[in-house]
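Below are the chains, spelled out letter by letter.
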Amino acid sequence: MWKFLVRRIVLGLVIVILCSLIVYSVIRCLPTSYMEKIARERAAGTQGMKSYSQWLEELNNIYHMDGSILGGFYAWLSEVAQGNFGESWVYQVPVVQKYNEVIWWSVLMNVITLIVEIFISIPLGIVAARKQYSRTDYAVTVFALACISLPTFFLATILKYVFAVRLGWLPLYGLSGRWYQTGTVWYKIGDILYHLVLPVLTLATLSIGGLMRYTRTNMLEVLNADYIRTARAKGLPEKVVINKHAFRNTLIPLVSYMSYLLPSMFGGAMITEELFQIPGIGRISYQAMTIGDIPFTMFYTLFLTVLTQVSLILADIMYAVVDPRVRVN
Amino acid sequence: MEEIKKPILNEQTAAPEEEMKLDDARRVKVLSPGMLVFKRFIRNKLAIAGTIILVVMFLFAFVGPLFTPYSIAQQFTDTNAFQWSEYATVMYNNELRYTVQAGKTFSKADQTALMLAFSNYRKSHNNADLPAGETLEFTSGGNTYYVETLNPEVPSYVIRAKEDLATVGVGKIDISAEEYANDPGLEAELKKLSVPMAPTSGEFEYNGKKIAFSGNKMERKFVMIGDPFVLATENIFDSVNRDYDALAKNMQFCVLLEEALRDNLTSVTFEDKTYNLEEKGEDLIVRDDQGADVMTVSELVFGTARNGVVLTVPFKEATQEAVRGKVEYFEFPDENGNMVEARLHTVNANIYVETQMKSELVRIDEPPSREHPLGLDHNGMDVLTRLMYGGRISLMVGFVVIFFETFIGVIIGGISGYFGGWVDTALMRLVDLFNAIPFYPMVIIMVSVMDAYRVSGYARIFFLMVVLGVLGWTGIARVTRGQILSLREQDFMVATEATGIRTSRKIFRHLIPNVMPLLIVNATMGLGGVIISEATLGFLGLGVKYPLASWGSIINQATDMYVMRTCWWIWIPAGCLIMLSVLGFNFVGDGLRDAYDPKMKR
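Residues numbered from 1 in each chain as written. Chains lettered and ligands numbered in written order. Predicted model: local features only at pLDDT ≥ 70, side-chain atom pairs only at ≥ 80, totals over all residues. Heavy atoms only, no water.

Draft legend 1. Representation of the pattern of salt bridges. Applying the stated criterion across every chain yields a total of 21 salt bridges over all chains. A salt bridge links Arg216 of chain A to Asp137 of chain A; the nearest nitrogen and oxygen atoms lie 2.7 Å apart. Taken as a pair, Arg216 of chain A in helix H8 (residues 185-223) and Asp137 of chain A in helix H6 (residues 135-149) lie far apart in primary sequence, 79 residues in all. Note on Asp137 of chain A: relative accessible area 2%, which makes it buried. One salt bridge connects Asp432 of chain B with Arg478 of chain B, and the closest N-O pair in it is separated by 2.8 Å. One end of the pair, Asp432 of chain B, is in helix H10 (residues 421-436); the other, Arg478 of chain B, is in helix H13 (residues 474-488), and 46 residues separate them in sequence. (Salt bridge = Lys/Arg side-chain N within 4 Å of Asp/Glu carboxyl O. Helix = DSSP H or I, 4+ residues; strand = E, 2+ residues; numbered from the N terminus. Buried < 20%, exposed > 50% of the residue type's maximum accessible area, 1.4 Å probe, protein only.)

The following block contains the structure:
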């Protein structure tokens, strides 16, 4: 087990580095005007006797933009190894600081979404599995497929149109209302939650389908197992059969499924945040990416790939924790 | 009739069955595997619904454009649209305008001094203006001026100056004012005062003019208050055409008109010509004796807002009337005597006269009509037509990308699964690597690179397909590898080994056909995902670019708050089409999976 874990982590590290290299080489193709802008500012200012081209050369040197892509990547990597992620070009603050500022909004939103999602989809999945091929099952399947088929942006726009424009019940976008600054702590919390209703609704609707189908499939498999038949045969009430024998065994794949959600938990929801103008990590990094902010984008993708690898390793560990049979192999 | 027929039919069909033996070959209906799958598929209601949706979508996207009379980027304009457009501007003048007699000057500094004198007067007289007939004295630049109210209603003033007339010493008379240089009457008057015993200061009248003098016994200075040489008024003297410009700038004539306005005269005579005056409220219209328009006198300042427009007197008359009466709509006769409808549009102190002008308008955001069943979009294009062409691109992108993904996935997964060993390990690590690349960030950066290099049109769509394909093949590779790994262990593969057939034949005749069902199911389910990805990019404005359309880029217009709020017909149909087709693919994929292997995990 430990040997496997060490090998898995080393492999994860290699994958993360190669991933960053790929992203770095693509983003270097983006012509960014950041260097030119700063060089022009400094040349125009009174900070020295250097000309625009001298500044440009120096800045390119500092940011490793003058050498080859591999050289630049190596320089970036060695900086990262020392814990230095650089300063964002768009936001003009250290990348980690900006990240720390915005990520908690995304996490808050995603945690609420996860709770809503679990409370809706797991019961529905179990109901669908218990009454396989019934009308309920069909309804749940169609609902799940419809949720999967909805594009995020369309669902978000429709929700905004119905609840914000037509009915006027919920705010159109943003994270806080007009009186946020003057309100009490409770008012502030309420205000933020009120503003999060639509984004959470969007995200939850989109993710419900997947989890529901996953629950249903696994529940079906468990319900066909021999020990369920045994449990029924020995005359246990159906409630006990479902809740104690079947559901607990369904939890194994569900727990591993949860660990796959880790990247989406911290990675932000780009389109939803963009549409509802929530200053989370998705929106902030989307804007950085389209402009070609290399330090920020590199950090964001690094963060995401590390999260993905961690979630994969975690899923393996979870399997071992939840199911003792895995540990043996 | 029918009631009788039915039993007979039943008997006929039932009869052969009775004769049939239990082991009759006809009894055991042998269905081919394909037929079995088809039958199972047909029985699935959801799959049928999905198939119907997809067929409708394909007809809509690929056949629909043949029937629409419009093309993809046809912009609909309204050439006969009338639009209010500025014709002239009108403003109330509330500043004094100065008309100075030719040859004299009244500088800016003098004007300021006058203003100062007025404000001082107001301060000491409870904000009252200078009443008619009273004179106010002020100095500017060493000169003394007298201002006198001509008409307090406008208001208008005339300004006179104190002029040096003569210096008289003992036995010496020196007249400096040119117009009196050879005036014997004045000389006689002055002579009386040229003796030392005469008073040293005082004033007298000569020819109706006040002459004041001061000095000592030896020398006296004579000054007189001259004729008005400046007219300061808030009225504007606006000549009809260039010929009368000089007249409109003539101070004497303007004063005459101001007086006529004050005294309600109907005609004035100036330089042997008679001018008829018509008073309209506070304005005055001046015509010559033939009745032709000469000029207007009004507080309103007119300016043209359109090239080549001459503002005629009838227009000004009508506008003045409308402005004073605060009417919004009015009519005025144009050069040909036709009545033109006009509108007053007031912005702060400026009043714009607008007339309807024929102009070409793009018919944006037009709601659905018979001509355009889904209305026109924000660029004035037919939404339905664009949906059809956009569907072509969206579905085509979906198919090409999924084909591309399957192609790479089958090759890599197949090699990996078939050969195993270090090849398998290496390829699976490659799959891991590609799987770890964050999808949306990577696509967004790549598309931004395309934006930066201005890749557009079909080349852009092509690159988009490649990007989506390259980032999406890992799932299919994994599935293929897993399937081939399990197939490799089965007996029929052992049999191929035993018969010693070629490797390529083993792969293509025996392995691939067995992977095919799984691939078809995966591709169908994956199509929905690709369509959503492409639409998302289109929505973010990174996908297909105008004038080409895709469903996503059509919804992109809803990022405009106005379109989202008011024009549902632009973005809701496109969203529904995306949703329906993805749903269709998912239904069909689900149905296919069930049909191929009912025991397979759902």
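Draft legend 2. Summary view of the domain arrangement of chain A. Residue and element names in this part refer to chain A. When cut into domains, chain A gives domain 1 (32-84) and domain 2 (100-328). If you average the C-alpha positions of domain 1 and of domain 2, the two centres end up 42 Å apart. Between domain 1 and domain 2, the residue contacts involve five residues of the former and four residues of the latter. Interface area for domain 1 against domain 2, summed over the two sides, is near 380 Å², with a carbon-plus-sulfur share of 84%. The tally of links from domain 1 across to domain 2 stands at zero salt bridges. Where domain 1 packs against domain 2, one counts zero residue pairs in polar contact (both at pLDDT 80 or more). Counted by class, the side of domain 1 that touches domain 2 contains four nonpolar, one polar and no charged residues. (Domains from an automatic or database assignment. Contact = heavy atoms within 4.5 Å. Buried area = accessible area lost by both parts, 1.4 Å probe. Polar contact = N/O pair within 3.5 Å; in protein donor to acceptor, adjacent residues only side chain to side chain. Nonpolar A, V, L, I, M, F, W, Y, C, P; charged D, E, K, R; others polar.)

Draft legend 3. Molecular detail of the sheet that holds strand S11 (residues 236-239) of chain B. All names here are of chain B. An order of S11-S15-S14-S13-S12 is seen for the five strands of this open sheet, with the pairing classed as antiparallel. Among the strands making up the open sheet, the edge pair consists of S11 and strand S12 (267-270). Each neighbouring strand pair of the sheet contributes to a mean axis angle of 25°, computed without reference to strand direction. Taken together, the four bridges between S11 and strand S15 (residues 293-298) define a ladder with antiparallel strand orientation. Bridge pairing links Ile236 to Ser298 in S15. The sheet strands contacting helix H7 (residues 251-263) are S11, S12, strand S13 (273-280), strand S14 (283-288) and S15, and the helix crosses S12 at an angle near 160°. Most of the contacts of helix H8 (residues 313-325) go to S15, to which it runs at about 20°, and overall it touches S11, S13, S14 and S15. (Pairing = 2+ DSSP bridges. Axes fitted to C-alpha atoms, helices over the stretch in contact; angles between N-to-C directions.)

Draft legend 4. Just the sheet that holds strand S17 (residues 329-333) of chain B, in detail. All names here are of chain B. Read from one edge to the other, the open sheet built from five strands follows the order S16-S1-S19-S18-S17, with strand pairing classed as antiparallel. Every other strand in the sheet has two partners, leaving strand S16 (300-304) and S17 as the edge strands with one partner each. Looking at each pair of strands side by side, their axes are set apart by 40° on average, direction ignored. Of the pairings in the sheet, the one linking strand S1 (residues 77-92) to strand S19 (residues 350-362) comprises 12 bridges and is antiparallel in character. Bridging across to S19, Met91 finds its partner in Asn350.

Draft legend 5. View of the environment of Pro171 of chain A. Residue and element names in this part refer to chain A. Relative to the elements of secondary structure, Pro171 occurs in the loop between helix H7 (152-166) and H8. In the structure, Pro171 is positioned 105 residues away from Phe276 in sequence and 9.4 Å away in space, judged by C-alpha atoms. Once residues lying within four places of it in the same chain are set aside, the contact partners of Pro171 are Ala164, Tyr194, His195 and Leu198.

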